[in-house]
Each structure stands twice: as structure tokens, then as C-alpha cells.
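# Tertiary structure, described
Each chain is listed here by its residues.
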Amino acid sequence: MSSAVTESKSDTLRALPGDDVRQILWRFADRYDLQMLVQSVRGVARGPVARLVAQGGRNTHEWTPDKNALLQAFDESGITAVFMNPSQGGFIDGPKNLALALTAFELAWVDAGAATGSLAGCLALSPIHERGTPQQRDYYMSRCAPAQPCEERKPWRGAFCLTEPIPYVGVETGMLGGKVRVAEWNEGQEPLLQVEKRGRFITNMGFANFVTAAVESDDPRLKGTCMVVLEATDPGIFDRGTPTRKLVHQLSSTRDPIFSLRVPASRIIGGYSVKDGVIVPRYSHGEIIEAVFRRTRVTVGIMTTAKLLSAIEPVIRYHRSRFRGGSIATPGSPRYELGLQLKQDVVHRLVDVWATGEASASLGFEAARVFDQLDPLEKQKAAILEGRGITGGSALMKAMRQVSKDAVEFLHGKRPELSGDVLVQYALLDSVANVLCPACKLWNTGQGGRMMREAVSLMGGYGITEDCPGFLGHKWMDAQLEATYEGPEAVQRRQLSVTMTDELFLAQFRNWIREMRLIANDRPGTGACALATAMQMWLWTLNHLQKATDADGSKLYQGSRQGVTFPLADALCWLLAARCQILDLLELERKGPENPTLAEGLPGLVAFLSDLCHVHSAHAAGETGRICAELVFGYNRHPAWDTEGCAACYQADELEPMEALIPGIAALARGYADVIEHDGSHEPKAGPCVRFTGLDQFTRLRARMDGCLTGSGLAKDRAAEALTRVMIPEALDYPA
Ligand SMILES: Cc1cc2nc3c(=O)[nH]c(=O)nc-3n(C[C@H](O)[C@H](O)[C@H](O)COP(=O)(O)OP(=O)(O)OC[C@H]3O[C@@H](n4cnc5c(N)ncnc54)[C@H](O)[C@@H]3O)c2cc1C
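Read on for an overview of the structure. (Residues numbered from 1 in each chain as written. Predicted model: local features only at pLDDT ≥ 70, side-chain atom pairs only at ≥ 80, totals over all residues. Heavy atoms only, no water.)

This paragraph deals with the overall build of the chain. Helix and strand counts for the chain come out as 22 helices and ten strands. Over its C-alpha trace the chain gives a radius of gyration of 28 Å, about what one expects of a compact globule, namely 27 Å for 736 residues. Dimensions of the chain, computed from the C-alpha atoms along their principal axes, are close to 90 × 75 × 50 Å. Looking at the chain residue by residue over its 736 residues, the buried ones come to 57%. (Helix = DSSP H or I, 4+ residues; strand = E, 2+ residues; numbered from the N terminus. Rg over C-alpha atoms; globule rule 2.2 N^0.38 Å. Buried < 20%, exposed > 50% of the residue type's maximum accessible area, 1.4 Å probe, protein only.)

Here you go:
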């Protein structure tokens, strides 16, 4: 171990957080199965995967034998089987979202292409897992499970095929070009279907034995859309297509396939019924991909998280050793021991990278855990409703609307008898999951990608070479793919702009503000105070925008107005990440003392992570303030621009002459006015030309929030100082 400055303060960070710490923060300290999984995946990531990257395996987009060998490593280490139940050849019972998130984290710590390659197999199986018939599930899961030592078989690999050549499916998943027709339907026999589908950018396509493909009916005897399973041995064309000339994720195989195949109707995922001579698939492709992506997107978000946290150690090592060995740096001198860490900016920027990594891990793993809780509740909910004869359509929507109403009443303390009600529990958690999933995909990959650039820049020229320790340059580029596939940022923002306005979510969000206020009372050093005020400001702004109109009288909060809804979704992500980060810290503070190996270094670690929370909450509050202010003020027309320039920026004594021209402007500029209406011709006007509703409330909230930033700079200074003292291993544990 090396430490730049050997004397240590008692309450400072001693070493980088190890497994013991992560297990508590991410809540798997009591899951021995997951701890073993992490070790096993790490062995593959920092072994064969890292060696392949170091040997230049990423320099081609072709699927090479070396890359193919990773599949076997995935099988042997248990990575492939994570997704399966024990009865299907897996080893984890129950929900597997956290397990998959941890797997993605460990692989992406070294190379996210390897993570994607392994997870694409799960993605291919997901439609079958989420909505397949029991027979379909057993058939494909057991074939994809790695062979047991006594078995002589090669496991099947799958690919998920939704995206199509332009102009069809991309962001707009409803624009299907893939078609399905009834090819043969003999009396009393299973219909045969003819499937025509072309894919674009399909992962695992170089070797997949089967594909789960989204198609639309081109035949009056088949209704709507569906997903079908296509096998490589089906009669017809199973053309893997040309490899995608990617710049990123080179350890996964991506191609543009072409399929023209005849398959039995039993391949329709979820099955079908026959009504009046028409095949009616049980699930549309939209219903299936919604159920799939809401889980798999979380693991993608976690990949970028891993990159950020993996960057800390190489950057510290690089900075410390940057000037060592020069003639002017003698051992023991600050220049020799600290190198570039003597410069405040480099440690400050690394604190920002680290704080982002922690916050995105907290958000991502919380999302994964929420889905682990939700999975059994979802099954129970379906069983209860089925028992009442409700299986889908408008009856289901009506029933769930009532459950939502009950849940809001329960949250308001009006219906305590509902505390054990499964449907209410489901509705509460579902509304949170509907926000956390897109938030984690959007923020972890988008903001994470931006912060990866910071990490790369901290390595100077080294950062953008193949030799950069920790492969940071590759990781920066890779982050952009994580922001893109399984729905780019626009998709996540669009989803959030709907789910974040759900009353059930907002009722819980109000409780979270109260929760943060209480935390701020006991632990002001976490930044919970700034966060609570920022959350309040976000909620105020949402309410305001939902009612307000712009200077031309058009509604502000509406689907087509992405300039309003999207930034507000971005702001929410910052807040959610900061909240999860603080809650994880409190968990560590509570549970850490129970672990004897942690006890000694715990106060320093908690103090450091608390400073990171503070730094991140301050950024989150700043971002929220900027976004909300732009939205609240940006859609008004300024009363003075047509006359004398920007009156609101005038000093108070300069405002009085303006007042004569525009009555009310002085009060407006000082922030006391609620509404001034003016048409810019120096005459008060009745119409909605200028409308600053609730301005006073907002500016007071904003001023209060700025005050809440107190101490965040000091927290950053302390965290930066800790970076100059923390011990790191002598060398990275995977090759450069
Ligand atoms: C390496 C790689 C692997 C992939 N693996 C798979 C796979 O295994 N299976 C699969 O099915 N797909 C896969 N994809 C496809 C990927 O999911 C799509 O590229 C992605 O969903 C975006 O679709 P698109 O590229 O057609 O973007 P487009 O639809 O062309 O969108 C381009 C951009 O336009 C903007 N935009 C588009 N629509 C809107 C809107 N409504 N509102 C606001 N802005 C909008 C956004 O900024 C968006 O990023 C992969 C892609 C790559 C690069």
C-alpha cells in the first residue's frame, strides 16, 4: 500500500472503500450468494477480460476467437447462470435484479463491452422470462444455462432484436417494419407463421442460436404486434448480417441481421388465443418491451457507475507519481510524495468524479433493489386481480386507478388498515420504480459520461491513449453507448416526464422532503438541508409549470413541450441520486460498527463519504436551481426589454424612474410582485403579455437554497485533502 502522506488523522479516509463497505452501502451484507458472485465475476473481469483489452482485443469490431473465449469464461464463472432459477440451471433463488446489477458493475469496472455481451443474453431471454408461457420459459432458460459437468451440450446464446434499419424502429419503438403473416393454417393444427424481420445494431448476433424479435401483423388473421422467437435452424433465411463498425464496446458482437423464417405460432411470446378465426397474441410487442426494459435499463446505468468508481485509483496513482523521480523531487518532499496532488484543482475535480460515482451507484443499486421487491409483489398483484376476473384492458386500468387512490389515502394516514394490502404496496413501489428506472438510466449514463470526460482529462495525454491505466479513454467512449442503447436519453426523459407527475409518486416525494429535513437536523454535514430545499423547489416548479402558460398563453407542461418537461426530468434525477447517496451513508453509519474489520477506519470513512454527499447535494441543488429558474422565468417576456433594457437588474435607486414608465416594475425587480401585466407599450394591459405568478415565493425559495449551500465548499476541501492521504495499492490489480 502506498500513502502520499504517512501521518494520518484519526477521522480521515484511510483506504479506498473495500468489499465490506460496499456490501453495507449497497445492502448485500447478508447475501452470501451475492458476495460469492461478486468475487467470481471479478475474477473474470480483472483476468481474461482485462488481458484481452490490454492485448488490443478492442481494436477490431470483428468477433474474434479470443472474444468468443470470453463466453466460456462467463459460463464457467456463473455469470451466464445468474439470470436463471435453480430449476433452470441457475443458482440464485428469487428476484435477480441486484445480482445482475452487481454482475454488470464488476464487468464494466474493466470493460462494459464484456458486460454488455453477457447481459445481452439475459436481454434476449427477458421477453420470455417476463411474459413467456411456462413452457417457453423452461425450454429456453434451460437451454441457455451452462452445461453441468456431466452434460455434453453447448449452451444456447440469444439476441434481442427490436431496432430496425432506418426509417423503422429506433427511439420510436412503435414504427415496426418487421412483419408476420400466417403461412399455413390447417384445420385442428397449429398455424405456421412467416416472419420477415431486419435488425440494426443487434448485440450477440455473431453467434446467437435464437432471437427474440418484435414484429407487426401483415395479415388480417393475426392481430396487432407481438414478439416471436426465431431459431437459427428454422426453415428460411437466418442471415447474421454485417458487423456494425462500432467505436465502442468492442468485446460484444453487434450486427445487422436479416431473417425470413417459417415458425410455429407457439413461438409467439406469451402465447395466443384464437377469436373468430383470428390469432390474438396475449401480449403486444409494446407490453413486452415495457416489462423488459424497465428492469434491464437499470443494469446499463450501473455500467457507467462502475467506470467512474474504477477511475479513482488510477487517477490518484498517476497524480501522485507524476513528478516523482525528477531531479528536483527528493523522497519525503511534498513534490515527491504528492506530485500533482499538490494542485488543488486536480483533487477537487477528482472529488467531483468520485461524488458522482457514489451517487450514481446509490441510485442504480436502489433501483435494482426496488425491482427485487417489486417482482414478487407484481406476481401477487396479477394473481389477486386474476382471481377477481381482471386480466387486462380497461378493467385492469380502472382497478389500478382505484388502488392508486387508496394508496394516496393510505399515505395521507387516512386508511391505516391498508398497511398490509398487497395491491397498495405494489402501487406504491411501482410508482417509485417507474421513476427510478429511467432516472438511473438517464442520469448515470448522461452525467456519468460527462464526468468520465473529467476523469480522462485528469490523466492528461495519457487519458486518451490505449495505455491509460484503467482503460479510461475506452470507458469514456463506451459511456456514450450506455447512454444510447436500450433507449437514448430522450426516451428516458419522455418516460420520466409522465411518471414523475403521478400523484402516488409525488405523495411519496413529499414524504422524502420531510425525511431529508429530519436528516438535515441531525446530520447537516450531509448536505441534506440543501437537498430538501432543492426538492421543495423542484416540486414548486412542477406545480407552477403544470398550471402556467407562456407569454403567448400556451400551456407550458405538455408532452410536446420537451424544452419544459425534459429539463425538469433532468433536475429530478440529480435530486434522486443525492437522496439515495445520503440514505446509503446513513446505512453505513448504522451497520458499519457491527463489522469488526471496519470498525477502526469507520469514522474517517463516514466523514469522507459524508463530505462527498455534501458536495453532491450542493451540485444537485445548484443544477435544480438553474433549471427551475430558467423554466420559471424563461417563458415570460421581460417587461422592460422593449423600453429600457433589463430593469430587473437595475439598482433599487435606478428603478424609481422606471416605475413611472411601467407601474409595478420596482416591486417585481425586488421580488415582491406576484403578477404584472404589461404589453411593452408603457401601458398596463389586461392580457397575459407578462405574467410572473408566484415570483416572490420562488425567489425566496431560491435565496434560501443558496444559503443552504453553506459549508459545501469546506466539505470539498476536506474531501480533497483526504485524497492526498488515502492509501492505495502499489499497482492496479488488472493489467494496463
Ligand atoms: C452497439 C449497439 C448495440 C445495440 N444493441 C441492440 C440490441 O441488442 N437490440 C436492439 O434491438 N437494439 C440494439 N441497439 C440499438 C439501440 O437501442 C438504438 O440505437 C437506440 O435505441 C436508438 O435508436 P436509433 O439509433 O434509431 O436513434 P434515433 O431513433 O434515430 O434517434 C436519434 C436521436 O434523436 C433524438 N430523438 C429521437 N426521437 C426522439 C423523440 N421522440 N423525442 C426527442 N428526441 C428524439 C434523440 O436525441 C435520439 O438519441 C444497439 C445499438 C448499438 C449502437
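Moving on, we come to the side chain of Ser497. Among the secondary structure elements, Ser497 is positioned in helix α13 (residues 489-499). Polar contacts involving the side chain of Ser497 include one to the main-chain carbonyl oxygen of Arg494, which spans 2.7 Å. Setting aside residues up to four positions removed in sequence, Ser497 forms contacts with Tyr557 and Thr565. (Polar contact = N/O pair within 3.5 Å; in protein donor to acceptor, adjacent residues only side chain to side chain. Contact = heavy atoms within 4.5 Å.)

Along the chain, the position of Ser310 falls in helix α7 (residues 285-321). With a relative accessible area of 2%, Ser310 lands in the buried category. Within the structure, the side chain of Ser310 is placed 2.8 Å from the side chain of Lys475, a separation counted as a polar contact. Setting aside residues up to four positions removed in sequence, Ser310 forms contacts with Trp109, Lys475 and Tyr734.

Now for the pairing of strand β9 (residues 272-275). The pairing of β9 with strand β10 (residues 278-281) spans four bridges and is classified as antiparallel. Across the sheet, the residue bridging to Lys275 is Val278, located in β10. Linkage of β9 to β10, two consecutive antiparallel strands, is achieved through a turn of two residues, within which Asp276 is found at a positive phi near 50°. (Pairing = 2+ DSSP bridges.)

It is worth spelling out the pairing of strand β5 (residues 210-217) at this point. Along any regular strand the residues' side chains alternate between the sheet's two faces. Burial analysis of β5 places seven of its eight residues in the buried class, the great majority of the element. When strand β1 (residues 158-161) meets β5, the two strands line up parallel, connected through four bridges. Residue Phe160 lies in a different strand from β5, and its bridge partner there is Thr212. Alignment of β5 against strand β6 (residues 225-231), held across seven bridges, turns out to be antiparallel. Bridge assignment links Ala214 to a residue of β6, and that residue is Met227.

Relative to the elements of secondary structure, Thr80 occurs in the loop between α3 (65-77) and α4 (97-108). Taking the C-alpha atoms as reference points, Thr80 and Val110, separated by 30 residues in sequence, lie 18 Å from one another. Setting aside its immediate chain neighbours within four residues, Thr80 contacts Leu71, Phe74, Asp75, Cys144, Pro146 and Arg157. Looking at Thr80, its side chain comes within polar contact range of the side chain of Asp75, at 2.5 Å.

Moving on: the nonpolar core. In terms of nonpolar packing, the biggest core is built from 198 residues, with Phe509 and Trp538 touching the most fellow members. Ranked by size, the runner-up nonpolar core spans 23 residues in total, among them Ala159, Val182, Leu261 and Ile268. (Core = buried A, V, L, I, M, F, W, Y, C linked by side-chain atoms within 4.5 Å.)

Attention shifts here to the packing of helix α18 (residues 602-634) against helix α22 (residues 712-725). Running from N to C, α18 and α22 cross one another at 135°; their axes reach a closest spacing of 8 Å. Compared by their axis directions, α18 and α22 come out oblique. Like other packed secondary-structure pairs, α18 and α22 cross with a definite hand, here left-handed. Across the interface between the two elements, Phe608, Asp611, Leu612, His614, Val615, Ala618 and His619 of α18 pack against Ser712, Ala715, Lys716, Arg718, Ala719, Ala722 and Leu723 of α22. (Axes fitted to C-alpha atoms, helices over the stretch in contact; angles between N-to-C directions. Parallel < 35°, antiparallel > 145°, perpendicular 65-115°, else oblique. Left-handed = near helix turned anticlockwise from the far one by under 90°.)

In this section: the pattern of salt bridges. Following the criterion strictly, the structure yields 45 salt bridges and no others. In this structure, Arg31 engages Asp33 in a salt bridge whose closest nitrogen and oxygen atoms are separated by 3.0 Å. Of the residues examined, Asp33 reaches a relative accessible area of 29% and is grouped as partly exposed. Between Glu164 and Lys197 there is a salt bridge, with the nearest N and O atoms lying 2.8 Å from each other. Of the two residues, Glu164 sits in the loop between β1 and β2 (179-184) while Lys197 sits in strand β3 (residues 192-198), which places them 33 residues apart along the sequence. (Salt bridge = Lys/Arg side-chain N within 4 Å of Asp/Glu carboxyl O.)

As a further point, take the site of the ligand. As a structural note, the neighbourhood of the ligand is formed by 22 residues, with Phe160, Thr163, Arg200, Phe201 and Thr203 the closest of them. Contact between the ligand and Arg200: an oxygen atom at 2.7 Å from a side-chain N or O atom of the residue. In the model, a nitrogen atom of the ligand is placed 3.2 Å from a nitrogen or oxygen of the Gln562 side chain. Classifying every residue of the shell around the ligand gives ten nonpolar, seven polar and five charged. (Near = heavy atom within 4 Å. Nonpolar A, V, L, I, M, F, W, Y, C, P; charged D, E, K, R; others polar.)

With that settled, consider the packing of aromatic side chains. Summed over the entire model, instances satisfying the criterion amount to 22 aromatic pairs. Ring centres of Trp443 and Trp574 lie 5.3 Å apart, and the angle between their planes is 75°; this geometry places the pair in the edge-to-face category. Here Trp443, found in helix α11 (residues 422-457), pairs with Trp574, found in helix α16 (residues 562-591); they are 131 residues apart in sequence, far enough to count as distant. Residue Trp443 is classed as buried on the basis of its relative accessible area, which comes to 4%. An aromatic cluster of three or more residues is present, and its members are Trp26, Phe105, Trp109 and Phe365. The residue whose ring lies beneath Arg131 is Tyr283, and the NZ or CZ to ring-centre distance is 5.5 Å. (Phe/Tyr/Trp six-rings, centres within 6.5 Å; stacked < 30°, edge-to-face > 60°. Lys NZ or Arg CZ within 6 Å of the ring centre and 35° of its normal.)

What follows is about unusual backbone geometry. With an omega of 15°, the peptide bond running from Ile166 to Pro167 counts as cis. Assignment of secondary structure puts Pro167 in the loop between β1 and β2. The phi dihedral of His249 is positive, around 40°, even though this residue is not glycine. Assignment of secondary structure puts His249 in the loop between β7 (236-243) and β8 (254-264). You will see that Asp276, though not glycine, has its phi angle at about 50°, which is positive. Summarising the element assignment, Asp276 is placed in the loop between β9 and β10.

Note that Asp421 resides in the loop between α10 (393-411) and α11. Using a relative accessible area of 29% as the deciding quantity, one classes Asp421 as partly exposed. The spatial distance from the C-alpha of Asp421 to the C-alpha of Ala407 is 9.4 Å, given a sequence separation of 14 residues.

Attention now moves to helix α2 (residues 32-54). The end-to-end C-alpha distance of α2, which contains 23 residues, comes to 32 Å, matching closely the 33 Å that a straight helix rising 1.5 Å per residue would cover. Of all the bends in α2, the greatest reaches close to 25° and is centred on Ala45; the proline Pro48 follows between one and four positions later. Gly56 sits one or two positions beyond α2 and adopts a positive phi of about 90°. (Expected span 1.5 Å × (residues − 1). Bend = angle between axes of the 7 residues up to and from the residue.)

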